[in-house]
Amino acid sequence: MEIKILEPTDAVIYREIRLEALKANPEAFSSSYEEEKESTLESFENRLKFGHFFTFGAFVENNLVGVVTLIVETKTKTKHRANIVAMYVYPENRKSGIGRKLMTEAILKAKEIKVVEQIYLTVTSGNEPAKNLYNSLGFKTYGVNRNGLKIKDTYFDDELMVLFL
């Protein structure tokens, strides 16, 4: 397995895994498949160009099997913070350490950026495997956003987590 930061030239494979993630686990993302499937390839390329966005990809035999994005805040009062978003590993590649490796790389990148002191993430309350991973990496729940997501007539709570570096 190899972990690397995705480049704009990876937009096609990034779009593919992103849309699959949104379709397979809609409760895990604030974006929806219906919204993002209309996005152009250029918009996915642009996501991989932002200087304060770092999207890590996990490759097994040259196939992209998992992703996570670290977004570093840029405003003066919040640049000590970063956010982990868009974490996804294909189901057939789970329980093999890929998610842990992706998260570890994102955390290491945040530590490299000397001004970052804390990393935030949001996880669906019922997603025990993800919560267990994040807890094992030192993230702590500091709040719950009740009914944070609504898909059709179903609400999902979000746990708000933070890791102090």
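Parameters and conventions
Residues numbered from 1 in each chain as written. Predicted model: local features only at pLDDT ≥ 70, side-chain atom pairs only at ≥ 80, totals over all residues. Heavy atoms only, no water. Helix = DSSP H or I, 4+ residues; strand = E, 2+ residues; numbered from the N terminus. Rg over C-alpha atoms; globule rule 2.2 N^0.38 Å. Buried < 20%, exposed > 50% of the residue type's maximum accessible area, 1.4 Å probe, protein only. Contact = heavy atoms within 4.5 Å. Lys, Arg positive; Asp, Glu negative; His and termini not counted. Charge placed at Lys NZ, Arg CZ, Asp CG, Glu CD. Axes fitted to C-alpha atoms, helices over the stretch in contact; angles between N-to-C directions. Parallel < 35°, antiparallel > 145°, perpendicular 65-115°, else oblique. Left-handed = near helix turned anticlockwise from the far one by under 90°. Nonpolar A, V, L, I, M, F, W, Y, C, P; charged D, E, K, R; others polar. Pairing = 2+ DSSP bridges. Expected span 1.5 Å × (residues − 1).

Peer 1: Mind showing me how you'd approach the overall build of the protein chain here?
Peer 2: A count of helices and strands for the protein chain gives five helices and seven strands. Taken against the 2.2 N^0.38 rule, which gives 15 Å for 165 residues, the C-alpha radius of gyration of the protein chain at 15 Å falls within 12% of a compact globule. Viewed in the frame of its principal axes, the protein chain has a C-alpha envelope of about 40 × 35 × 35 Å. Counting across all 165 residues of the protein chain, residues that qualify as buried make up 41%. Intrachain contacts of the protein chain at a sequence separation of at least 6 include 59% that bridge at least 24 residues. Of the side chains in the protein chain, 23 bear a positive and 23 a negative charge, and the two mean positions are spaced by 6 Å.

Peer 1: Can you walk me through the side chain of Asn-93 in this structure?
Peer 2: Mapped onto the elements of the fold, Asn-93 is located in the loop between strand S4 (81–89) and helix H4 (98–112). Its relative accessible area of 17% is what places Asn-93 among the buried residues. Ignoring anything within four residues of it in the chain, the contact list for Asn-93 reads Val-65 and Ile-98.

Peer 1: Before we go on, may I ask you to explain unusual backbone geometry in this structure?
Peer 2: Of all residues except glycine, most have a negative phi; of all peptide bonds, most are trans. Residue Asn-62 is not a glycine yet carries a positive backbone phi of 65 degrees. Classification of Asn-62 by relative accessible area gives exposed; the value is 71%. The phi dihedral of Ala-86 falls on the positive side, at around 55 degrees, and the residue is not glycine. Structurally, Ala-86 is set in strand S4. According to the relative accessible area criterion, Ala-86 is buried, its value standing at 16%.

Peer 1: Sorry if this is basic, but what is going on with the environment of Leu-64 here?
Peer 2: Along the chain, Leu-64 falls in strand S3 (residues 63–72). Taking the C-alpha atoms as reference points, Leu-64 and Ala-11, 53 residues apart in sequence, are found 11 Å from one another. The residues contacting Leu-64, other than those within four sequence positions of it, are Leu-6, Ile-13, Tyr-14, Ile-17, Gly-57, Ala-58, Phe-59 and Tyr-90.

Peer 1: Honestly, the packing of H4 against helix H5 (residues 128–136) in this entry has me stumped. Any pointers?
Peer 2: Relative placement of two packed helices is described by the angle separating their axes and the distance separating the axes. Following both chains from N to C, one finds H4 and H5 inclined at 45 degrees, their axes separated by 11 Å at the closest point. The angle between H4 and H5 falls in the class oblique. In the crossing of H4 with H5, the sense of the turn from one axis to the other is right-handed. Here Gly-99, Arg-100 and Met-103 of H4 come into contact with H5, specifically with Leu-133, Tyr-134 and Ser-136. Looking at side-chain class alone, the contact of H4 with H5 contains three nonpolar, two polar and one charged residues.

Peer 1: Honestly, the sheet that holds strand S6 (residues 140–151) in this entry has me stumped. Any pointers?
Peer 2: Strand pairing in a sheet relies on backbone hydrogen bonds. The paired strands run either parallel or antiparallel. Judged by pairing direction, the sheet is mixed, and its seven strands sit side by side in the order S1-S2-S3-S4-S5-S7-S6 without closing on themselves. With one partner strand each, in any of the chains shown, strand S1 (2–5) and S6 form the two edges of the open sheet. Averaged over all pairs of adjacent strands, the angle between their axes in this sheet comes to 25 degrees, without regard to strand direction. Note that S6 and strand S7 (residues 154–164) share eight bridges and pair antiparallel. Among the inter-strand pairings, Val-144 is bridged to a residue of S7, identified as Glu-159. Against the sheet, helix H1 (residues 11–24) touches strand S2 (53–60), S3 and S4, its axis set at about 85 degrees to S3.

Peer 1: Got a minute to help me understand H1 in this structure?
Peer 2: Helical periodicity: at 3.6 residues per turn, an α-helix aligns residues three or four positions apart in one direction. Over its 14 residues, H1 runs 20 Å from end to end, which matches the ideal 20 Å to within 8%, given 1.5 Å per residue. Within H1, burial applies to Ala-11, Tyr-14, Ile-17, Arg-18, Leu-19, Ala-21 and Leu-22.

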